[in-house]
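Spelled out from the first residue to the last, the chains are:
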Amino acid sequence: MNRLVIATTATAVPMGAQVYQEEIARRARPALDESGESWRVERMIARSLRSRLPGTTRLPVGRLARAGARERRGLGRLVYPRGALVHRMELGLPPAPGEVLTMHDVVAWRFSDEGTPPACAGDELRAAAAVVCVSQHTASDVAELFGVERLHVVPLGVDERFRAAEPLAAAELEALGIRGRYLLHAGGATQRKNLEGLAGAWQRVQAATPDVTLVLAGPQHARRDALFGGLPRALRVGRVPDTVLPRLLAGAEAVVVPSLYEGFGLPVLEAMAAGVPVVAAQTSSLPEVSGGLATLVDPGPDGIAEGLRHVLSSGFDRERAVAAGREHAAGFTWERSAREHAAVWRGAAR
């Protein structure tokens, strides 16, 4: 019997990468069963030595980030079952003797505020039996930076909640402080999210669109507050519950994704699945993932402003954009992603 261990890290607030981990882990066994082979699927959820989060093992997380190759390999031999194929979904975890790795992006190597990757990351990527990349753009970056050859592009999926989402009622929007039409940006506030470009664009657009509000959803952050705190009708609603976000998306005039870099750009597909047009920067993976169906713009303030004016104009064919976006997003499911992961696992096990 083949044995697969899916290795992840415990987290209090699941974000995009953690959602991916849970969606794939939940579907791993059914996807492998389709082959007729016999597989045992297990989880290893690591947490720090003092963490109160639920998990299956404790690791010296801080020390691991600074550890050398020998120490990391030694700890990997201790924590993973012997003979198992390990899918290590986070580079911060120690390597396994036989493993598959996931790479969502290379932002830690390109942006100073995206954390510090393990110094041994390149060697560990090259030693892996296979590396899963969530987009062709990420695969190209990984190949260029690390010289990795065993790369498999496996796109993410879109949760069904977005496809079935109904817009929030007026009273629910009012509770968030939203009145009338609105544009939506949902996400983080690190450098690559390009909030500076969006703020500059809104300064150029807002006077001509007095009936439209720019809504910004995401964890509180000083950069977002500083950029948008003084702008007219720029409303910061904080982190929106996962049960509310699809409905907030569904009622927007458009979703704006102005990022300088995205490894995949799931918000683009979530908006399309919810029936909302998208304005996205013509950067990194966003043209690839959008299928060219978003309004693609230069990431500078003038380019983003032009895109916003376009989707808010009377000449914009919203019905056509929504239909094309829904059809495109329909091809991205977690079931498809799990099946493609299963093909990678079977190949790595052989």
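Placed above this text is the structure.
Residues numbered from 1 in each chain as written. Predicted model: local features only at pLDDT ≥ 70, side-chain atom pairs only at ≥ 80, totals over all residues. Heavy atoms only, no water.

### Some remarks on the side chain of Lys193
Within the secondary structure layout, Lys193 lies in the loop between strand S8 (181-186) and helix H9 (195-205). Under the relative-accessibility criterion, Lys193 is labelled buried at 14%. Within the structure, the side chain of Lys193 is placed 2.7 Å from the side chain of Glu262, a separation counted as a polar contact. Lys193 has contacts with His185, Gly188, Pro258, Ser259 and Glu262, leaving out every residue within four places of it along the chain. (Helix = DSSP H or I, 4+ residues; strand = E, 2+ residues; numbered from the N terminus. Buried < 20%, exposed > 50% of the residue type's maximum accessible area, 1.4 Å probe, protein only. Polar contact = N/O pair within 3.5 Å; in protein donor to acceptor, adjacent residues only side chain to side chain. Contact = heavy atoms within 4.5 Å.)

### Describing the pattern of salt bridges
Applying the stated criterion to the full structure yields 27 salt bridges. Its salt-bridge partner being Arg29, residue Asp33 comes within 3.1 Å of it at the nearest N-O pair. Of this pair, Asp33 and Arg29 both sit in helix H1 (residues 16-33), four residues apart, which is roughly one turn of the helix. Asp33 gets classed as partly exposed once you look at its relative accessible area, which sits at 38%. Given a relative accessible area of 41%, Arg29 falls into the partly exposed group. With a shortest N-O distance of 3.8 Å, Asp113 and Arg223 are connected by a salt bridge. With a gap of 110 residues between them, Asp113 in the loop between helix H4 (107-110) and helix H5 (121-127) and Arg223 in helix H10 (residues 222-228) connect regions that are remote in the sequence. (Salt bridge = Lys/Arg side-chain N within 4 Å of Asp/Glu carboxyl O.)

### What to know about the environment of Leu266
Assignment of secondary structure puts Leu266 in helix H12 (residues 266-273). When its relative accessible area of 14% is taken as the criterion, Leu266 is described as buried. Note: C-alpha distance between Leu266 and His152 (114 residues apart in sequence) is 18 Å. Ignoring any residue separated from it by four or fewer positions in sequence, one finds Leu266 in contact with Gly157 and Val158.

### Considerations on the packing of H12 against helix H15 (residues 318-329)
The N-to-C vectors of H12 and H15 enclose an angle of 120°; their axes lie 7 Å apart at closest approach. Between H12 and H15, the angle is such that the two are oblique. Relative to H15, the crossing made by H12 is left-handed. Within the contact between the two elements, H12 uses Leu269, Met272 and Ala273 and H15 uses Gly325, Arg326, His328 and Ala329. (Axes fitted to C-alpha atoms, helices over the stretch in contact; angles between N-to-C directions. Parallel < 35°, antiparallel > 145°, perpendicular 65-115°, else oblique. Left-handed = near helix turned anticlockwise from the far one by under 90°.)

In short, shape yes, function no, at least from these values alone.
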